[in-house]
Amino acid sequence: PVPEPAPMTGDLEKVRRRFKEHGPTPEVIAGFRDLVYGYYDAAGRDFPWRQTDDPYHILVSEVMLQQTQTSRVLAKYGPFLAAFPTLADLASAPQREVLAAWQGLGYYARARNLHRAAKTVANDLGGRFPETEEDLRRLPGVGPYTAAAIAAIAFGRKAAAVDANAERVLARLFAVEEPLAEAKERLRELARGLVPEKRRGDFAQAMMDLGAGICTPRSPRCGLCPLSSQCLAHRQGIAERLPVRRAKTPRPTRHGVAFYLERPDGALWLRRRPESGLLGGMIEVPSSPWRARAFDAAEARAAAPLRARWRTLPGQVRHTFTHFHLELTVLAARVGVERAAGLPGMWAGLDGMSHLALPAVMKKFIRHARKVLA
């Protein structure tokens, strides 16, 4: 539960009045920072990655948190670090092991980039972790926010770490009415003016927590917000419609055919996807290319990895990626071991699949096929 804001001292009430009258002067900014620290000390979230200043551990957490719910990251963060306790351990691990440990987090390009970043630090930088935003951004998969977060939290650098939660706080605090896509650099610039000389990592995380727990996307809890008197959007009654987002472009639908190739003992034929591209390096059942037009029956059988008695199973497997929907037609066949000789891939029993880097769409496909065939 979020505590009620503590009563303001006379000095802070004065700061709030000055903010209303004069905007963010140095005195006002100092008072603003005190309010942020007060909130964080009373109600900041307790996460394991906030109990360390190890830049490798912080990098892992920040990459995991990209586009992923905190609850899912909490479940995977500890086991991932148990598998790869140090940056050197991650750098020396085979990619297939990294992808397998990443299962359940999705967006597997992040895992591949994290692996590459570890290799870059271990092999190209002599194990010395970059400390500045500029140098951190040279690591694979590290963008402006992640670089700023690591610089501020791990190294105490004066960096403006602006994630989606902090963007929302800033857009409302300063009543920025430009669409968010165009306002990102302006918000970062506003954030730079607020970064303090002390407790920079705490300040960055406090801004994120305010966005996550108080300044929420819908129905912001302005009555509990320690910054409400300073928030221009709250004063103007427009907090709920900020930040402005452009209408989403409808996702297109792509179609494919996937093949459930089983041998008599129930093992399934699997293969590894190419290293580059969507789901790169992960394990899949054989499938056709994915395209805009659906496959007819003849095209579906022609796309099969080998000749067999393929039958089309009822229903389709549907999955949504970031930029498109996917619909898979399911064909199934049973063959002897010798029939798969020469195919790129491997046989895998159900017991062994938990250790493979199977993306969610393939797990969904296997569940669907087994349910129909049961």
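All values derive from a computational prediction rather than experimental measurement. (Residues numbered from 1 in each chain as written. Predicted model: local features only at pLDDT ≥ 70, side-chain atom pairs only at ≥ 80, totals over all residues. Heavy atoms only, no water.)

**Comments concerning the overall build of the protein chain**
This is how the line gets drawn: Working definition: helices are DSSP H or I runs of at least four residues, strands are E runs of at least two. Numbering for both runs from the N terminus. Burial classes: relative accessible area under 20% of the type maximum marks a residue as buried, over 50% as exposed, and values in between as partly exposed (1.4 Å probe, protein chains only). By the convention used here, residues are in contact when the closest approach between their heavy atoms is within 4.5 Å. Only the protein chains shown count as cover for residues, with accessible areas throughout obtained via the Shrake-Rupley method and a probe of 1.4 Å. Positive charges come from Lys and Arg alone, negative charges from Asp and Glu alone, with His and the N- and C-terminal ends not counted. A charge is said to be at NZ when it belongs to Lys, at CZ for Arg, at CG for Asp and at CD for Glu.
A tally of helices and strands in the protein chain yields 15 helices and 6 strands. By residue count, 49% of the 374 residues in the protein chain fall in the buried class. Sequence separation of 24 or more characterises 68% of the internal contacts of the protein chain that already satisfy a separation of 6 or more. For the protein chain, the computed accessible surface area is about 18500 Å², with 51% contributed by carbon and sulfur atoms. Of note, the protein chain has its 56 positive side-chain charges centred 8 Å away from the centre of its 38 negative side-chain charges.

**Considering the layout of surface pockets**
Operational definition: Cavity and pocket criteria rest on a 1 Å grid covering protein atoms alone: a 1.4 Å probe that fits but cannot get out defines a cavity, protein on both sides within 12 Å along at least 5 of 7 lines defines an open pocket, and an atom within 4 Å of a point defines a lining residue. Grid points are joined across faces, edges and corners, and a volume is the space filled by probe spheres set on the points. Under the scheme applied here, ten amino acids are nonpolar (Ala, Val, Leu, Ile, Met, Phe, Trp, Tyr, Cys and Pro), four are charged (Asp, Glu, Lys and Arg), and all others, including Gly, are polar.
Each pocket or cavity is described by its volume, and for the largest pocket that value is around 1200 Å³. Around the largest pocket, the lining is made up of 34 residues, and of these Leu-65, Gln-66, Gln-67, Thr-68 and Ala-164 lie nearest the centre. Secondary-structure elements contributing two or more residues to the lining of the largest pocket are α3 (55-65), α9 (144-155), α10 (164-173), α11 (180-192) and α12 (200-213). A per-class count over the lining of the largest pocket returns 14 nonpolar, 10 polar and 10 charged. By volume, the second largest pocket is sized at about 550 Å³. In terms of lining, the second largest pocket is formed by 26 residues, of which the most central are Gly-106, Tyr-107, Tyr-108, His-319 and Phe-321.

**What about the pattern of salt bridges?**
Heads up, the condition is: For salt bridges, the criterion is a side-chain nitrogen of Lys or Arg within 4 Å of an Asp or Glu carboxyl oxygen.
All told, the structure shown has 24 salt bridges when counted by the stated rule. Here Arg-128 makes a salt bridge to Glu-131, at a shortest N to O gap of 4.0 Å. Accessibility expressed as a relative area gives 60% for Arg-128, which makes it exposed. On the accessibility criterion, Glu-131 (28% relative accessible area) is partly exposed. Glu-197 is the partner of Arg-200 in a salt bridge, and the nearest nitrogen-oxygen pair spans 2.8 Å. Connected through shared salt-bridge partners, Glu-185, Arg-188, Glu-189 and Arg-192 make up one network.

**Some points on the confidence of the model for the protein chain**
Threshold: The pLDDT value tells you how sure the predictor is about a given residue, anywhere from 0 up to 100.
With 93% of its residues at a pLDDT of at least 70, the protein chain reaches an overall mean of 88. Per-residue pLDDT, averaged within each element of the protein chain, yields its smallest value for helix α1 (residues 10-22) (49) and its largest for helix α5 (residues 87-92) (97). Between residues 1-13, whose pLDDT stays under 50, and residues either more than four places distant or in other chains, the model counts 15 contacts.

**Brief notes about the nonpolar core**
Counted only if it meets this: The set of buried Ala, Val, Leu, Ile, Met, Phe, Trp, Tyr and Cys residues whose side-chain atoms join them within 4.5 Å is what this entry labels a nonpolar core.
Counting residues in each nonpolar core, the largest one holds 72 residues, and the members touching the most others are Tyr-56, Phe-80 and Trp-102. A total of 9 residues in this core trace back to one element, the largest contributor, which is α9. Those residues in contact with Trp-102, other than ones at most four positions away along the chain, are Val-63, Met-64, Lys-76, Phe-80, Tyr-107, Tyr-108, Arg-110, Ala-111 and Leu-114. In terms of nonpolar packing, the next biggest core, distinct from the first, is built from 39 residues, Val-36, Val-162, Leu-180 and Ala-206 among them.

**Looking at helix α7 (residues 109-124)**
Quick reminder of the rule: Every helix has an expected span of 1.5 Å times one less than the residues it contains.
Taking 1.5 Å per residue, 16 residues should reach 22 Å; α7 reaches 21 Å between its end C-alpha atoms and fits that length. Inspection of α7 places Arg-110, Ala-111, Arg-112, Leu-114, His-115, Ala-117, Ala-118, Thr-120 and Val-121 among the buried residues, and these make up the whole buried set. Contacts from the buried residues of α7 go to α3, α4 (70-83), α5 and α6 (95-101). Immediately beyond the C-terminal end of α7, within one or two residues, lies Gly-126, with a positive phi of roughly 65 degrees.

**Brief notes about the packing of aromatic side chains**
Definition in use: When two rings of Phe, Tyr or Trp (its six-membered ring) have centres within 6.5 Å they constitute a pair, described as stacked for plane angles under 30 degrees, edge-to-face for angles over 60, and tilted for the intermediate range.
In the structure shown here, the tally under the stated rule is 11 aromatic pairs. Aromatic pair Tyr-37 and Phe-203: ring centres 6.1 Å apart, planes at 70 degrees, arrangement edge-to-face. Here the residue Tyr-37 occupies a position in helix α2 (residues 26-43), and Phe-203 occupies one in helix α12, the gap between them amounting to 166 residues. The same class applies to Tyr-37 as to Phe-203, namely buried. When the ring of Trp-49 is compared with that of Tyr-77, the centres are 5.2 Å apart and the planes differ by 75 degrees; the resulting orientation is edge-to-face. One end of the pair, Trp-49, is in the loop between α2 and α3; the other, Tyr-77, is in helix α4, and 28 residues separate them in sequence.

**Examining the side chain of Arg-50**
Just so we agree on the cut-off: Here a polar contact is taken to be a pair of N or O atoms separated by no more than 3.5 Å, where protein atoms must pair a possible hydrogen donor with a possible acceptor and residues adjacent in sequence count only if both atoms sit in side chains.
Considering the arrangement of structural elements, one finds Arg-50 in the loop between α2 and α3. Relative accessible area serves as the criterion here: at 16%, Arg-50 is assigned to the buried category. Among the polar contacts made by the side chain of Arg-50, one reaches the side chain of Gln-205 at a distance of 3.4 Å. Sequence-distant contacts of Arg-50, defined by excluding residues within four places in its chain, comprise Tyr-40, Gly-44, Arg-45, Gln-205 and Asp-209.

**As for empty space enclosed by the protein**
The full count for this structure, using the stated rule, is 3 cavities of 30 Å³ or more. A volume near 120 Å³ is recorded for the largest cavity. Forming the walls of the largest cavity are 14 residues, and the residues nearest its centre are Arg-172, Cys-215, Cys-225, Leu-227 and Cys-231. Among the elements that take part in the lining of the largest cavity, α10 stands out by supplying 3 residues, more than any other. Split by residue class, the lining of the largest cavity holds 10 nonpolar, 2 polar and 2 charged. Considered as a void within the structure, the second largest cavity measures approximately 100 Å³ in volume. Taken together, Ala-159, Ala-160, Ala-161, Val-162, Ala-166, Leu-170, Ala-191, Val-195, Arg-200, Phe-203, Ala-204 and Met-207 make up the full set of residues lining the second largest cavity. Secondary-structure elements contributing two or more residues to the lining of the second largest cavity are α10 and α12.

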